[in-house]
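Tertiary structure, described
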Amino acid sequence: MMNAKQNSELEKLEQEMRRGVIVLAVMSRLMHEQYGYSLMKDLNDKGFEIGQDTLYPLLRRLEEQQLLDSQWRVEDPRPRRYYQLNGNGRAVYRALIQSWQVQNEIIRRLLDEIE
Amino acid sequence: MKLSKAACALMERYLYAVKRELNDKSRDDIVAEIESYIYDLLEERFVGVHEVGEKDLETILKEMGAPRKVAAQYSPQHYLVGPRLFPLFMLVTKILVTVVLGALTLSMVINLVVNPANNVWMVMLEYFGSLFSAALSTIGILTLIFAGIECAARGRDIEEIEELQELHIHDLPQLPEQEKEVGQLGVSIEIILGIIGLVFFTYIQKTGGRLPYWMTPSADTQLVPVFTPGFMQFVPFILGLTGLEIARNLTLLVQGCHTSLTTWWQIAAKIADIILLIFLITSLPLVTLDYFQYILGNDMVMELEPLVNTGLAVAMSLGILGSVVDTIKQVLREVRNPSV
């Protein structure tokens, strides 16, 4: 049984671990156009919890890195900004998937050895 | 779904506050997206509600946090002194603060010695006040300089910093155990020199500052005055300190390593040496060449004597400065990595 301090440390470590895969998770949902709120709901519904305070600045950063394209649409009940991976973003996403799979395999082997 | 008049006003104020906190050139765009998010959230929370009131919107905004916090999420992190420069900043700060505080301590001691009429408590009070303000000013000025470098070098490589991050094997510190080991030869030489000093100062103590004169081997050896009474009054202290230094070196030889006792003993001895040197400087002239006027001539002696005493004063001042820096370094080292 962990005490309060250990729980707090665990929470920090989990956050740190998740931080590394947020980009991959977000990119995985942007093969098709989505606006910020629908993307957040989509990720949360699939069990990947992410807040507005993390998602929106990240989308802006990915766009600055020219991995995403975005555009405002006014035909909805009110204006919304839609995001989608561009060609460059798709290539980076594919490379990230490969890297993730390699890391995943390494971690799996490491954990198997312990067991 | 629409907002009540009060909620609409609250929304506008909130978005305006966020906008004011943003420095980004696309802040209108960011604010528009935040507004869009808030509406999406309201729509989900208040399904079928025709008009959302001020209280409901307030709940949502409180969840999002203060405008400054929301805006900060969109801004890149800025440092006054970033992680790249910080180790160098700390190193320079430690050295400069130590030097400044050491110089202030020295000037306080000199002030007390030179002007014994001064109120000791007032001098001490002024000293502690100046310590605080000098440390703060030094750190403040250094922070401003490094912030300037940080700002100028943002996004660029700094060659000097890269060099500092390279490994130079000879710069690696000794392991604590090895650092505290005693070099037997060095300690033995120090003991021998100490004994020679002890013999010398005991001799001049007996002769009243006179030394034997052998310029004419055929004539009888005679004692001539070399040290002034100003110097001679300190000889008992010099003898005492030399004796203590020999005792410390003998203790070191017996122990085989530096211990807390010998290290603090050495620090105390260095402080005593500094004070003694200050007293010696204030008691100039220390050497007299009066006797040599028969050989060198009166004019020559008149010129030479002040020169010798000034040379001694300069050498002692340099000795004080070196000892102050050395003592501060040793105290810091001992505090950080205490001997057993």
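In the block above lies the structure referred to throughout.
The sections below set out a description of the structure shown in this document. Bear in mind that the values here come from a model prediction, so they are computed numbers and not experimental data. (Residues numbered from 1 in each chain as written. Chains lettered and ligands numbered in written order. Predicted model: local features only at pLDDT ≥ 70, side-chain atom pairs only at ≥ 80, totals over all residues.)

Observations regarding the overall build of chain B
Keep this limit in mind: In this text, helices come from DSSP runs of H or I with a minimum length of four residues, and strands from runs of E with a minimum of two, each type numbered from the N-terminal end. Here a residue counts as buried when 20 or more other C-beta atoms fall within 10 Å of its C-beta, as exposed when 12 or fewer do, and as partly exposed in between; the C-beta atoms come from the backbone. In this description, a residue-residue contact is defined by the distance between C-beta atoms placed from the backbone, which must lie within 7 Å.
A tally of regular secondary structure across chain B gives 14 helices and 4 strands. Taking all 340 residues of chain B together, 13% fall into the buried category. In chain B, 73% of the contacts between residues at least 6 apart in sequence involve partners at least 24 apart.

Some remarks on the sheet that holds strand E3 (residues 80–85) of chain A
In sheet architecture, strand pairing relies on hydrogen bonds along the backbone and comes in two forms, parallel and antiparallel. Residue and element names in this part refer to chain A. Short version of the rule: Here the rule is simple: two strands pair whenever DSSP picks up at least two bridges between them.
What the 3 strands build is an open sheet, ordered E1-E3-E2; its pairing is antiparallel. Since the sheet does not close on itself, it has two edges, and those belong to strand E1 (34–35) and strand E2 (68–73), each with one partner. Pairing of E2 with E3 involves 6 bridges; the strand directions are antiparallel. Paired with Asp-69 across the bridge in E3 is Gln-84.

Concerning the environment of Val120(B)
All names here are of chain B. Mapped onto the fold, Val-120 is located in helix H6 (residues 120–152). When the 9 C-beta atoms within 10 Å are taken as the criterion, Val-120 is described as exposed. Taking the C-alpha atoms as reference points, Val-120 and Met-108, separated by 12 residues in sequence, lie 9.9 Å from one another.

What to know about the environment of Asn86(A)
Residue and element names in this part refer to chain A. Here Asn-86 is to be found in the loop between E3 and helix H5 (87–114). In the structure, Asn-86 is positioned 55 residues away from Met-31 in sequence and 8.5 Å away in space, judged by C-alpha atoms. Apart from the residues within four sequence positions on either side, Asn-86 is in contact with Leu-67, Leu-68 and Asp-69.

A word on the packing of helix H9 (residues 184–207) of chain B against helix H11 (residues 235–255) of chain B
All names here are of chain B. Threshold: Comment: axis = line fitted to C-alpha atoms, over the contacting stretch for helices; angle = value between 0 and 180 degrees taken between N-to-C directions. The labels follow the angle: roughly parallel below 35 degrees, roughly antiparallel above 145, roughly perpendicular from 65 to 115, and oblique for the rest. Take the far helix as your reference; a near helix turned counterclockwise from it by less than a right angle gives a left-handed crossing, and one turned clockwise gives a right-handed crossing. Ten residue types, Ala, Val, Leu, Ile, Met, Phe, Trp, Tyr, Cys and Pro, are classed as nonpolar, four, Asp, Glu, Lys and Arg, as charged, and the remainder, Gly among them, as polar.
In contact at an axis separation of 9 Å, H9 and H11 are set at 155° when each is read in the N-to-C sense. By the angle between their directions, the pair H9 and H11 is classed as roughly antiparallel. Considering the relative orientation of H9 and H11, their crossing is left-handed. Residue-level inspection shows Gln-184, Val-187, Glu-190, Ile-191, Gly-194, Ile-195, Gly-197, Leu-198, Phe-201, Thr-202, Ile-204 and Gln-205 of H9 in contact with H11, the latter providing Val-235, Ile-238, Leu-239, Thr-242, Gly-243, Glu-245, Ile-246, Asn-249, Leu-250, Leu-252 and Leu-253. Residue classes in the contact of H9 with H11 are distributed as 13 nonpolar, 8 polar and 2 charged.

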